[in-house]
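# Residue-level structural notes
In case you want the letters, here they are:
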Amino acid sequence: MKQVVCLKRVPDTETRIRIDGSGTSIDPSGVKYVISPYDEYALELALRTKEAAGEGTVELLSFGDTTGQETLRKGLAMGADGAVLLTGEATMDGLATAKVLAAELKGSDAPLVLFGVKAADDDQQQVGPMVAVLTDRACVTGVSSFEVSAGTVVCHREVEGGSEVVEAVLPAVLTITKGEHEPRLASLKGIMAAKKKPLEEKPAERVGSRIRVRGLSEPPARPPGRIVGEGPDAVPELVRLLREEAKAI
Amino acid sequence: MPNVLVIAETRDGKVTGASREVTSLAAGVAKSLGGHAEALLLGDVGASSEAGGLGRFGAATIAVAEHEALASYQPEAYAQVVVSHVRAGDYSAVLLPATTLGKDLAPRVAALLDVPLATDATGLEVDGGTVVVERPVYAGKAFARLEIEATPVLVSIRPNVFSATETDAEGAVSTFTPDVDPSTWKVKVLERLQATGGTTDVAEASIIVSGGRGMKDPSNWNLLEGLRDAMGSGAALGASRAVVDAGWRPHSDQVGQTGKTVAPTLYIAIGISGAIQHLAGMRTSKTIVAINKDPSAPIFNVADYGIVGDLFEVVPRLTEEISALKAGD
Ligand SMILES: Cc1cc2nc3c(=O)[nH]c(=O)nc-3n(C[C@H](O)[C@H](O)[C@H](O)COP(=O)(O)OP(=O)(O)OC[C@H]3O[C@@H](n4cnc5c(N)ncnc54)[C@H](O)[C@@H]3O)c2cc1C
Ligand SMILES: Nc1ncnc2c1ncn2[C@@H]1O[C@H](COP(=O)(O)O)[C@@H](O)[C@H]1O
């Protein structure tokens, strides 16, 4: 079975985010970029599915500028078979991104297309289900594990206060969340092999953004906190502050 | 038309708190635009009996789509009913809660209506007739102010950020039976599993008692359960990723960048160092308390109140004091 995994290049989660002079984007200098964490979980599940079946391919798809090559090579080093980079400028408009990816995926016969549940930069949590609608595929979101059987995929997902087992007909889009399987690290052999794997680059369809960023700002600073005291003797004062000052209890 | 539509959510037949918050917010936004708020509720036959309550939170009218196939969330059917309702009306904005349901539903609705979507908003205001959305990006390390250049403006709203304001107004409830055909559905729920005995989910709790690696052993969670119980029914347990990865706690409890984003009234971090990925999930909590034996732990940088000390001494005392306080109320 053929699987496609959509990967986004995002700043490492440890990175300090600085806003640039324009006030509408971040300063990329000194930022380390990685595969968005949930996309790595998606890739891990795709690779495990392929390994369990003993056949099939895992293709990567990304939309962004040419630096995305590096991100895709990392995915190839983890074990994917090939990659496509659609070059263009990804914006905060997730529907525009979804249209770009859908234009590529419409022609694909892949029974499974996997996304991260959300990208670790804009945190929009939307591109996967949008692509599903645009390409007329079934869609299950927030999937932590899945099993494919004849014509369907059975997914486990978390919901408030419990979990669900959901069945979707193929072809399907799944958005993947953190589950039991940590993403593998690329081996040296994998890194060498990745250099020879096909990575196709082509211009993305042009879709304008209809979300305009007025400005980015630092998170509102939390008023300086205080150490109430040391050890259990500080508890009565903490409780008083929570009650009288914070009105939290 | 300057009206604002709310997609309200029920769980176990009851309108959720998050839906009330969004309704109150919508009433305010609609007022600034010169219109009124309307609500759409989807549910089982008889769902309308619960709907009237939304009037008190600001919905002038409440339309209830009743169908037995809508008793629980089904993405395709819900999206289809919402889209037909939005098309039949004339709304400048459509708002829904950014709950598990809302996060699944909103992008489907956006793609079907061909309008962009801003998710998980923490701010919404009308500036000279334009709706301006504020939402966290980079896991809360920055906030973006956005304008959506399309109508209706479609936004999902982070729970627990806006307050639900109850008035004595009443909304006009109308009921209709939508066309729903389960034979066309591409997904179906085979099984729903309830987590441990109906306790509050961490994403919806007003108080969170959260434990990290400093707890030393999963068996020590009885200490945190004791504190949670003392705090009352709106309290839930949370966890850092370190203890989830160690298998001490279920992933559904994890707070942070690869877990849940929470904004309770009170977040108590116990034996949690405060890694940047943990802070991403809880830094917008109203009040943060940290209990940690290391005075230089980064959690103290975001905590409103901190106690430096051994959690095994501090937590039992805290539970005792809170219980005494509640008993005196
Ligand atoms: C891509 C990515 C995503 C991540 N996502 C998340 C996420 O979603 N959520 C998350 O939490 N983490 C996440 N992490 C992990 C994060 O970086 C930290 O490793 C993790 O949060 C540490 O958990 P902790 O605070 O419980 O453990 P530690 O960092 O080990 O801290 C334990 C704390 O307990 C204190 N302590 C020990 N004993 C006692 C005692 N007796 N009394 C009082 N205090 C005591 C110590 O002083 C210490 O501060 C992520 C990491 C990556 C790379
Ligand atoms: N520019 C992109 N290129 C490839 N995949 C993307 C892109 N943007 C988003 N995605 C995918 O969509 C998921 C959800 O992104 P978002 O809706 O932006 O949070 C990500 O985890 C990726 O799998």
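Note: the structure precedes this text.
How each quantity is defined
Residues numbered from 1 in each chain as written. Chains lettered and ligands numbered in written order. Predicted model: local features only at pLDDT ≥ 70, side-chain atom pairs only at ≥ 80, totals over all residues. Heavy atoms only, no water. Core = buried A, V, L, I, M, F, W, Y, C linked by side-chain atoms within 4.5 Å. Buried < 20%, exposed > 50% of the residue type's maximum accessible area, 1.4 Å probe, protein only. Pairing = 2+ DSSP bridges. Helix = DSSP H or I, 4+ residues; strand = E, 2+ residues; numbered from the N terminus. Axes fitted to C-alpha atoms, helices over the stretch in contact; angles between N-to-C directions. Contact = heavy atoms within 4.5 Å.

### So, the nonpolar core
With 92 residues, the main nonpolar core has Leu105(B) and Val155(B) as its most contacted residues. By size, the runner-up hydrophobic cluster in this structure holds 36 residues, among which are Val5(A), Ala80(A), Phe146(A) and Leu174(A).

### Regarding the sheet that holds strand E8 (residues 123–127) of chain B
With antiparallel pairing, the 4 strands of this open sheet are ordered in space as E12(A)-E10(B)-E9(B)-E8(B). Edge positions in the sheet fall to strand E12 (211–217) of chain A together with E8 of chain B, since each has one partner strand and no second. Averaged over all pairs of adjacent strands, the angle between their axes in this sheet comes to 25°, without regard to strand direction. Direction of pairing for E12(A) relative to strand E10 (residues 142–148) of chain B: antiparallel, over a ladder of 6 bridges. Opposite Leu216(A), over in E10(B), you have Ala144(B) as the bridge partner. Against the sheet, helix H1 (residues 17–33) of chain B makes contact with E8 and strand E9 (130–137) of chain B, and its axis sits at roughly 10° relative to E8(B), the strand it touches most.

### Examining the sheet that holds strand E14 (residues 207–211) of chain B
Ordered by their spatial adjacency, 6 strands build an open sheet running E13(A)-E18(B)-E17(B)-E16(B)-E14(B)-E15(B), and the pairing between neighbours is parallel. Edge positions in the sheet fall to strand E13 (226–230) of chain A together with strand E15 (235–239) of chain B, since each of these pairs with one other strand and no more. The average undirected angle you get between the axes of adjacent strands in this sheet is 20°. As paired strands, E14(B) and strand E16 (residues 266–270) of chain B are joined by 5 bridges and run parallel to one another. Pairing of Ile208(B) across the sheet is with Tyr267(B), part of E16(B). Where helix H6 (residues 235–245) of chain A meets the sheet, its contacts fall on E13 of chain A together with E16, strand E17 (287–292) and strand E18 (305–308) of chain B, and the angle it forms with E18(B) comes to roughly 175°.

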